[in-house]
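The primary structure of each chain is shown beneath.
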There are 2 protein chains.
Amino acid sequence: MSASDHLNHFCSENICPCQEKCPLSTALGIIGGKWKIPILCALNYDGPTRYNALRKKIKGVTNTMLVTSLKELEADGLVLRTQYNEMPLRVEYKLTENTNNLLPILGNLTVWGKEIEN
Amino acid sequence: MSASDHLNHFCSENICPCQEKCPLSTALGIIGGKWKIPILCALNYDGPTRYNALRKKIKGVTNTMLVTSLKELEADGLVLRTQYNEMPLRVEYKLTENTNNLLPILGNLTVWGKEIEN
DNA sequence: CCGCATCCCGCTCGATACTG
DNA sequence: CAGTATCGAGCGGGATGCGG
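Below you will find a few notes about this structure. In this text the structure is predicted, and so the values were computed from the model without any measurement.

1. Looking at the packing of aromatic side chains
Right, so step 1: Applying the stated rule across the entire model yields zero aromatic pairs over all chains.
Right, so step 2: Over the ring of Tyr84(B) we find Arg90(B), and its NZ or CZ is 4.0 Å from the ring centre.

The structure is reproduced here in structure tokens:
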């Protein structure tokens, strides 16, 4: 089994189907964007986190971008939003099982990234 | 060993280091962009390929984008350019060992992408 | 055959101010 | 506390034409 066999999952035709809609592009699209990884990383490290805590932890992010990114992650099923109608209002974000399946893959990508940085 | 342990490779501080330079961001930056994956996919499927053949295979790509993407991939050590000074000129591109290490990870991402599409 | 140079557009993202 | 609304800059990417 050559290394190429792994890619044949999504490149099994004479013309690469990745140009159109393919699962790999879907995956990369979901975790793409400037703030997605920092958000996932923060939530993974800290567990359920409140909105403002998240904003303070992720340096440089604005309300606009944090809200937008969180909404997309929620729509894609990676993040769960829980609202507690207390006083004052409390909203917590946490990772879902879908994300837990993704984490080891990102870990592998990290290892690969380390090697290539040399 | 929890799923989280995988991410702790690149998120081992109180404040997520991914916001600054981290190997995961590096990796995603390298394979990011609209045409990187289609190029890697085509080269993986077909082996060493000439410039024009690559351009015909990757539907919709322009000279500008193909050249730019190939140069970046070459600079990042994912693609090797070989020029044969024949008549007419022949230039072939192929994947490097660095890329072969990446392929199984992309395969895993593809599997994850398939599952989340449902 | 294999590119490069230039111009231009849309979309992401940032800054700022405001609200339930 | 947890967001919204709006505006504009910057950059990735597309179109076109030219050069070795």
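2. Section: the protein's contact with DNA strand D
Right, so step 1: With respect to spatial proximity, 19 residues lie near DNA strand D, and among them Thr64(A), Lys71(A), Arg81(A), Tyr93(A) and Lys34(B) are the closest.
Right, so step 2: Here, DNA strand D places atoms within 4 Å of the protein, and 76% of those atoms are sugar or phosphate.
Right, so step 3: Among the secondary structure elements, those contributing two or more residues to the surface near DNA strand D are helix H4 (51-57), helix H5 (63-75) and strand S3 (90-95) of chain A together with helix H5 (63-75) of chain B.
Right, so step 4: Top contributing element to the surface near DNA strand D by residue count: H5(A), with four residues.
Right, so step 5: By residue class, the composition of the surface near DNA strand D is eight nonpolar, six polar and five charged.

3. Here's the deal with the layout of surface pockets
Residues and elements named next belong to chain A.
Right, so step 1: What the second largest pocket holds in volume is close to 180 Å³.
Right, so step 2: Arg-50, Tyr-51, Asn-52, Ala-53, Arg-81, Leu-89, Arg-90, Val-91 and Tyr-93 together form the lining of the second largest pocket.
Right, so step 3: Partitioned by chemical class, the residues of the lining of the second largest pocket number five nonpolar, one polar and three charged.

Each value, and the rule that gives it
- Residues numbered from 1 in each chain as written.
- Chains lettered and ligands numbered in written order.
- Predicted model: local features only at pLDDT ≥ 70, side-chain atom pairs only at ≥ 80, totals over all residues.
- Heavy atoms only, no water.
- Phe/Tyr/Trp six-rings, centres within 6.5 Å; stacked < 30°, edge-to-face > 60°.
- Lys NZ or Arg CZ within 6 Å of the ring centre and 35° of its normal.
- Near = heavy atom within 4 Å.
- Helix = DSSP H or I, 4+ residues; strand = E, 2+ residues; numbered from the N terminus.
- Nonpolar A, V, L, I, M, F, W, Y, C, P; charged D, E, K, R; others polar.
- 1 Å grid on protein atoms, 1.4 Å probe; cavity = no way out; pocket = protein on both sides within 12 Å on 5 of 7 lines; lining within 4 Å.
- Points joined across faces, edges and corners; volume = space filled by probe spheres on them.

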